Amino acid sequence: MTAFPNLFSPLTIRGATLRNRIVFGSHTANMAENGLPGERHLGYYRERAIGGAGMIVVEPVPVHETALLTRGNFRPGSDEVIPHFRKITEAVKAEGAVICNQLYHVGQHGDFDNSFQPNWSPSGLPSFHDSDGSHQMSEAEIETAIESFVQAARRARDAGFQGVELFAAYNALIDQFWTPFNNRRDDRWGGSLENRCRFAAEIASRIRKMAGEDFIIGLAINLHPEIDASLSIEATQEVLAWFDSRALFDYVTCGTGSYFDFTGIIPSVFFADKLGAPYAEALKAVCKHMKVQAESHIRTPENAEYVISSGQADTVSIVRGQIADPHLANKAREGRPEDIRPCLSCNQMCWGRRFRDYWISCLINPSAGREFEWGGDRFTPAAKPKKVLVVGGGPAGLEAARVAAERGHRVTLAEASDKLGGQFRLAGLQPRRHQIIDYLDWQERQLNKLQVEVRLNTPMDADEVTAFGADVVIMATGSQPTGDGFQRALPHHDRLPGIENGNVFSAEEVMARQVRPGKRVLLLDEGGNWKGAGTALYLAEAGHQVTIVTPLGMVAKEVERTSADIPIRKRLKALGATFHTDAAVKEWRGNAAVITDFASPDVEVEADTLVIAATNKADDWLARELDGSGLETIEVGDSVAARTAVMAIYEARKKAMEI
Ligand SMILES: Cc1cc2nc3c(=O)[nH]c(=O)nc-3n(C[C@H](O)[C@H](O)[C@H](O)COP(=O)(O)O)c2cc1C
Ligand code: SF4
């Protein structure tokens, strides 16, 4: 008997039966090479099917050359993709999941750098991607676009997909046609509801005719009622009811946010759980034929069970939850949800990589995208179990200990402080970031289950490490703030002039509450990432008057890739923080700083405390001392070079798989 009875009840849509209600919803994994799905895609989707997902909707195929958006998109308009896709559909079906394919055309919001084509749209409005203008489609071009969708669906069917999902979300071409803001036409494609829906209706009815009665035709939409240019809930219900009464689509999935304001599409830590569930519920009220799917920040099986059991939706899409743990569904079904590696809603390596047009991965699950090389998110037992000592219990040490133990090694983890997590725990103490603590708790649970001996309050020097007598020593001793106030914008100064005047703390000291900053804080943010911005937020929320100085063009610049930067800046501004961008601290006087932006006259800002968030230096003394000792040693994480948790966890996983 499962703890999630509604979630694990099957559901039949057309010719396919989903074994449960958990869908791995469509998202651009961006892994195509030369426009073709390859080994990386195959491993990625197959792993989620092995992990128990009920249905997988493979990322969008751009239906036409004007629809191409990313470097890793599939080749549009070519039958060459068919045999490559067939390998994926066969593998996924063999593992018991239903497989569909999203088809898209983003209309006016395309990317010329990838398509080398003008963007097409109903009425020639500009792109919100880069403000390029778009081309108003002629009758003939509308016909071309419709036929492109139908041909893409034919390819999908021939490749073994059990259905297609038409992308009409976030203000893409299909919903641009039915949205009055975008569609200002006065021909048979604009004006009345029927005219505005004609484009989608033509595509769906021609696909049905081509593909037959068993083929699933889904619809991906979004709701973003806070934006006037977007459809209201009532107007969206009207559109959906129109389609539903004609039985044109078999299911509808409803996302959040839109290209008008990107931040809600892939909700960061600033957004609530189950964000899309109320929208699904509103659609269910008008859909008699279509199944309704809730998406966006559903995250956990507990949330998913609630959504299904309360009747808000028939299925749930859990995207990042299954990127972070491809075996989420099976672990929930087996009654061990506590073993699910919990997604952080950080967007760092999923959207954060797609944003920069790389293939996606995951901060806490570096096997994502590497399943074909690493054998999935699973481990092969070591040929010869060894005695392994891990020194340091930060993100690298934890992952290395876990993976080594998963492979059958006898592992001891020695941590100098009284808690596991290192600087990642400090990150988890920043506002909104408590999911990091949940992840550290997960690591601790896994180490317990794997019988790793964890020794807290255990700093180890070279003699102690040698005396321990391990076969392999993994050094994960982390990094430390430099304490010198070096700034990239002033590279000719090794130290910040005046740093000896005191009242200068590191972001780490502040977050560890080892120091008491004064009321007025000047925060020098060298990196533009969460370390600086999150510490500023922490101080501002605690009532400090915060001024941020950064050499970058905007505060939280490096967080932009995760779409959390705008909420951070909004919150900081609401708390009265002030920003100096493209700037540097020229001198610290102990109670004031001289700030330069290199263009206008210097300004003096009074402050009781200077907090510095900058690149750390590697804490590699142990590695140096053990160098030449004859011990088999492996270095991972910040003690190799100070970076982010991304590299720490990746390196730890990779190297522990090689022991
Ligand atoms: C890297 C990435 C790319 C995405 N690309 C698409 C896409 O191409 N089509 C789509 O309908 N949704 C896309 N999404 C949105 C997801 O389908 C989903 O709505 C979103 O991730 C929120 O759900 P979650 O909280 O379960 O991750 C993408 C999401 C991510 C993380
Ligand atoms: S990178 Fe972050 S948000 Fe994306 S799946 Fe992994 S943990 Fe979740």
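What you see is a predicted model; the values in this text were computed from it and never measured. Residue positions within a chain follow its written sequence, with the count starting from 1. Here chains are named by letter from A upward and ligands by number from 1 upward, in the order in which they appear as written. Side-chain atom pairs in this predicted model are given and counted only at pLDDT of 80 or more, local residue features only at pLDDT of at least 70, and totals for whole chains, interfaces and linings cover all residues. Heavy atoms from the whole structure form the basis of all side-chain values; hydrogens and water molecules are not counted.

Engineer: Please set out the overall build of the protein chain residue by residue, giving values where relevant.
Structural biologist: Only DSSP runs of H or I reaching four residues or more are called helices, and only runs of E reaching two or more are called strands; each is numbered from the N terminus. Helix and strand counts for the protein chain come out as 22 helices and 27 strands. Residue burial is assigned from relative accessible area. The probe radius is 1.4 Å, only protein chains are included, and a residue is buried under 20% of its type maximum, exposed over 50%, and partly exposed in between. Split into buried and exposed, the 659 residues of the protein chain put 60% on the buried side. For the protein chain, the exposed surface amounts to about 24800 Å²; the carbon and sulfur share of it is 48%. Counting rule applied: Lys, Arg positive; Asp, Glu negative; His and chain ends not counted. A charged residue contributes its charge at one atom only: NZ of Lys, CZ of Arg, CG of Asp or CD of Glu. If the 72 positive side-chain charges of the protein chain are averaged to one point and the 86 negative ones to another, these points end up 4 Å apart. Per-residue accessibility takes into account occlusion by the displayed protein chains alone, with areas from the Shrake-Rupley method and a 1.4 Å probe.

Engineer: Let's hear about the packing of helix α19 (residues 530-541) against helix α20 (residues 565-574): which residues, and what values?
Structural biologist: Geometry is summarised by axes, namely lines fitted to C-alpha atoms with helices restricted to the contacting stretch, and by angles between N-to-C directions that run from 0 to 180 degrees. One way to put it is that α19 packs onto α20 with a least axis distance of 10 Å and a crossing angle of 30 degrees. Classified by the interaxial angle, the pair formed by α19 and α20 is roughly parallel. Where α19 crosses over α20, the two elements pack in a sense that is left-handed. Contacts between α19 and α20 involve W530, A533, A536, L537, A540 and E541 from the former and I568, R571 and L572 from the latter. Its residues placed into classes, the contact of α19 with α20 shows seven nonpolar, no polar and two charged. Any angle between 65 and 115 degrees counts as roughly perpendicular, while under 35 counts as roughly parallel, over 145 as roughly antiparallel, and the rest as oblique. In this scheme, a crossing is called left-handed if the near helix is turned counterclockwise away from the far one by less than a right angle; it is called right-handed if the turn is clockwise. Contact criterion: two residues are considered in contact whenever any of their non-hydrogen atoms come within 4.5 Å of each other. Residues are grouped as follows: Ala, Val, Leu, Ile, Met, Phe, Trp, Tyr, Cys and Pro are nonpolar; Asp, Glu, Lys and Arg are charged; every other residue, Gly included, is polar.

Engineer: Outline the nonpolar core, listing residues and values.
Structural biologist: For our purposes a nonpolar core is just a set of buried Ala, Val, Leu, Ile, Met, Phe, Trp, Tyr and Cys residues, chained together by side-chain atoms within 4.5 Å. L166, W178, F199, I207, F243 and L363 are the most contacted members of the largest nonpolar core, which totals 134 residues. Of all the elements, helix α6 (residues 193-211) adds the most residues to this core, at nine residues. Other than its neighbours up to four places away in sequence, F199 contacts I142, A145, I146, F149, L173, I174, F177 and W189. Counting 28 residues, the second largest nonpolar core, distinct from the first, contains F270, V510, Y538 and V546.

Engineer: A description of the pairing of strand β4 (residues 55-62) should follow, citing residues and the corresponding values.
Structural biologist: Here β4 lies mainly inside the structure; eight of its eight residues are buried. Paired strands, in this sense, are two strands between which DSSP finds at least two bridges. Where β4 meets strand β5 (residues 98-104), six bridges bridge the pair, whose relative direction is parallel. Counted as the bridge partner of V58 is N101 from β5. Handedness is read with the strands pointing away from the viewer; a crossover is right-handed when the path from the first strand over the helix to the second is clockwise. Where the polypeptide runs from β4 across helix α2 (residues 81-94) and back to β5, its parallel neighbour, the crossover connection is right-handed.

Engineer: I'd like to hear about the sheet that holds strand β14 (residues 410-414), residue by residue, with values.
Structural biologist: Here we have five strands laid out as an open sheet, ordered β15-β14-β13-β16-β27, and parallel in their pairing. Each edge of the open sheet is held by one strand with a lone partner, namely β15 (453-455) and β27 (632-635). Adjacent strand axes in the sheet meet at a mean angle of 20 degrees when their direction is disregarded. Bridge count for strand β13 (residues 387-391) against β14 is five bridges, and the pairing is parallel.

Engineer: Quick rundown of the packing of helix α14 (residues 395-406) against helix α22 (residues 645-656)? Include the residues and the values.
Structural biologist: How two helices sit against one another is set out by the angle between their axes and by the gap between those axes. Where α14 meets α22, the closest approach of the two axes is 8 Å, and the angle between their N-to-C directions is 25 degrees. Classified by the angle between their axes, α14 and α22 sit roughly parallel to one another. The two elements α14 and α22 meet at a crossing, and its hand is right-handed. The residues of α22 that touch α14, namely those facing P395, A396, E399, A400, R402, V403 and A404, are A645, A648, I649, A652, R653 and A656.

Engineer: How would you sum up the site of ligand 2? Please name residues and give values.
Structural biologist: We call a residue near a given molecule or strand whenever any one of its heavy atoms falls within 4 Å of it. Inspection of the region around ligand 2 gives R320, I323, C343, L344, S345, C346, N347, M349, C350, C362, L363 and I364 as its neighbouring residues. Within the shell around ligand 2, the residues separate by chemical class into nine nonpolar, two polar and one charged.

Engineer: Account for the site of ligand 1, with residues named and values stated.
Structural biologist: For ligand 1, the set of nearby residues contains 21 residues, the closest of which are S26, T28, E295, H297 and R320. Take E295: an N or O atom from its side chain is 2.6 Å from an oxygen atom of ligand 1. Identification of polar contacts relies on pairs of N or O atoms within 3.5 Å, with a donor-acceptor requirement for protein atoms, meaning one able to donate a hydrogen and the other able to accept it, and with residues adjacent in sequence counted only if both atoms are side-chain atoms. At 2.8 Å, a backbone N or O of H297 approaches an oxygen atom of ligand 1. A total of 600 Å² of accessible area belongs to ligand 1 in isolation, and the protein chains cover 95% of it. Looking at the shell around ligand 1, its residues break down into 11 nonpolar, seven polar and three charged.

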